[in-house]
Structures are given as C-alpha cells and as structure tokens.
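What the coordinates show
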Amino acid sequence: MDATHTYVYTLGEKKVELLCSSLLLARKTYPLQASQAHLEKHYEDLKSKPFFPGLVKYMASGPVVAMVWEGLGVVKTGRVMLGETNPRDSKPGTIRGDFCIQVSLGFFAFSTA
C-alpha cells in the first residue's frame, strides 16, 4: 500500500470542500497554518531556486489543509488527478487543468515523501 502527503493551500482553501468531496483516497485531513520555519524545512531541497522566498511567503500567507492519501497506486493516481506542474499543460478534468491558471498561483502541492 502506498501513501503520500498532499497540501491544499491559500487560494485553494476556499475550494477544499469541493475537492475533498471528490478525493476518495484522502485518509486524513489536517487544517493548519504552516509556520515560515516549517515551510523552509519542508521545501529545503528548493532553497537554491529563485522562486523559493516567494514560495515560502505564499504558503505561509494563509491556511493549508494537509492530507494523507493512501491506497494501491495512490502516488501515480494522485499525479494523474493533479495534472502537470504548469496548468497550461494540464488536461481538462485534472485539478490543475480546471482550477489553476499559472504555476506561481497554484493551490495544490503533491509529495511522494
């Protein structure tokens, strides 16, 4: 059985009810306000990227809903449901394809860790 951590944040917080009603794989949800220190540690592998300060600021600007998805093939299924990193490359019917307009204003993050 696979498991993954998933986050809905800031702009997406308003869409959580819609998403959670369709995410049958969500085993647990945790509404929380992530601290800057927590986010810096969580995204430390991106620290050298030019967008890192903006990412941390954006993620800390509002509440997030952390989720644990669990199920057979959940990582692959979750990535298909989410769509491509760039919403313009995402197919209609995916979360990013239907709800996102640009990478920096996304509201869904997916982790296989």
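Residues numbered from 1 in each chain as written. Predicted model: local features only at pLDDT ≥ 70, side-chain atom pairs only at ≥ 80, totals over all residues. Heavy atoms only, no water.

A short note on the overall build of the protein
Secondary structure assignment for the protein yields 5 helices and 4 strands. Going through the 113 residues of the protein one by one, you find that 38% of them count as buried. In the protein, of all internal contacts separated by at least 6 residues, the share reaching a separation of at least 24 is 74%. Carbon and sulfur atoms make up 57% of the accessible area of the protein, which totals about 7100 Å². (Helix = DSSP H or I, 4+ residues; strand = E, 2+ residues; numbered from the N terminus. Buried < 20%, exposed > 50% of the residue type's maximum accessible area, 1.4 Å probe, protein only. Contact = heavy atoms within 4.5 Å. Areas by Shrake-Rupley, 256 points an atom, 1.4 Å probe, with all protein chains shown as cover.)

What about the side chain of Thr 94?
Residue placement: Thr 94 occurs in the loop between helix H4 (74-82) and helix H5 (95-99). Classification of Thr 94 by relative accessible area gives buried; the value is 11%. Each residue touching Thr 94, except ones within four places of it in the same chain, is listed here: Val 80, Met 81, Leu 82 and Gly 83.

Digging into helix H3 (residues 52-60)
Along H3, the positions that sit buried rather than exposed are Phe 52, Leu 55, Val 56, Tyr 58 and Met 59. Here the buried residues of H3 occupy an arc of 165° about the axis, which is enough to place them on one side. Facing away from the buried side of H3 by over 90 degrees, the exposed positions are Pro 53 and Lys 57. (Arc of directions from axis to C-beta.)

Side note on H4
Regarding H4, the residues found buried are Val 74, Gly 78 and Leu 82. On an axial view of H4, the arc spanned by its buried residues comes to 65°, and they lie on one face. Projecting away from the buried face of H4 at angles above 90 degrees are the exposed residues Lys 76 and Val 80. Gly 83 occupies a position one or two residues after H4 and carries a positive phi of about 95°.

A few points about the nonpolar core
In this structure, Ala 34, Leu 39, Tyr 43, Phe 52, Leu 55, Val 56, Met 59 and Val 64 together form the largest nonpolar core, which totals 8 residues. Broken down by element, the residue count for this core peaks at 4 residues, all from H3. (Core = buried A, V, L, I, M, F, W, Y, C linked by side-chain atoms within 4.5 Å.)

Some details on the environment of Cys 100
Inspection of the secondary structure assignment puts Cys 100 in the loop between H5 and strand S4 (108-111). C-alpha of Cys 100 to C-alpha of Asn 86: the two residues are 14 residues apart in sequence and 8.7 Å apart in space.

Some details on the environment of His 42
On the secondary structure map, His 42 appears in helix H2 (residues 36-42). What makes His 42 partly exposed here is its relative accessible area of 31%. Note: C-alpha distance between His 42 and Val 56 (14 residues apart in sequence) is 9.7 Å.

Considerations on the environment of Val 68
Within the secondary structure, Val 68 is located in strand S3 (residues 64-71). Judged by its relative accessible area of 11%, Val 68 is buried. Separated by 39 residues in the primary sequence, Val 68 and Thr 29 place their C-alpha atoms 6.6 Å from one another.

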